[in-house]
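Tertiary structure, described
Here are the chains, one letter per residue:
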Amino acid sequence: MRTSVPLATIQRLVEGHHEDPFEVLGPHEVTESGRRAVAIRGFFPHSNQAWVVDAGHGGPRRPMRRIHPAGLYEAICPIVDDRPTTGYQLQVTDESGSEYTMHDPYAFPRLLSDYDLHLLAE
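Residues numbered from 1 in each chain as written. Predicted model: local features only at pLDDT ≥ 70, side-chain atom pairs only at ≥ 80, totals over all residues. Heavy atoms only, no water.

Our focus in this paragraph is the overall build of the protein chain. Along the protein chain, the regular secondary structure elements total 2 helices and 8 strands. When the helices and strands of the protein chain are placed in sequence order, the string is α-β-β-β-β-β-β-β-β-α. Each principal axis of the C-alpha atoms in the protein chain carries an extent, and together these give about 45 × 35 × 30 Å. Within the protein chain, buried positions represent 34% of all 122 residues. Look at the contacts in the protein chain between residues 6 or more apart in sequence, and 57% of them connect residues 24 or more apart. With the model as given, the accessible surface of the protein chain reaches about 7,800 Å², and the carbon-plus-sulfur share is 54%. Counting 11 positive and 17 negative side-chain charges, the protein chain places the averaged centre of each group 9 Å from the other. (Helix = DSSP H or I, 4+ residues; strand = E, 2+ residues; numbered from the N terminus. Buried < 20%, exposed > 50% of the residue type's maximum accessible area, 1.4 Å probe, protein only. Contact = heavy atoms within 4.5 Å. Areas by Shrake-Rupley, 256 points an atom, 1.4 Å probe, with all protein chains shown as cover. Lys, Arg positive; Asp, Glu negative; His and termini not counted. Charge placed at Lys NZ, Arg CZ, Asp CG, Glu CD.)

Written out as structure tokens, the structure reads:
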């Protein structure tokens, strides 16, 4: 599938070897057909389908494209009125047909600073 994420990066993520999943997952500003947009990515192994649901603005759910057979999905969403990109939820249907909705944990900023990570490494 067509995506702006390099194949080697996707492979490291799905194999569990990526050192920074925030680099791939969650919302990322991209340019699509010359316009600003947000690529929202989620990794849902053992899923059949995924959607982005506009939680606070009553918009329809937007289907996500499967960009890797292991369960990596992406949706390209237009930026409307410079609204923050954290006002969405992810909806997933698993292999048994059960559907569930969740907040995207990668849509929120990291809580540890670079200095905190340095101290933890010591």
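From this point, the narrative continues.
For the structure on display, the rule yields 5 salt bridges. We note a salt bridge from Glu74 to Arg65, for which the minimum N-O separation is 2.8 Å. The class of Arg65 is partly exposed, set by a relative accessible area of 29%. Connected through shared salt-bridge partners, Arg41, Arg65 and Glu74 make up one network. (Salt bridge = Lys/Arg side-chain N within 4 Å of Asp/Glu carboxyl O.)

This brings us to the environment of Ala55. For Ala55, the location among the structural elements is in the loop between strand S3 (47-54) and strand S4 (62-63). Residues Ala55 and Ala39, spaced 16 residues apart in sequence, show a C-alpha to C-alpha distance of 17 Å. Once you skip the residues sitting within four places of it in the chain, Ala55 turns out to touch Gly87, Tyr88 and Gln89.

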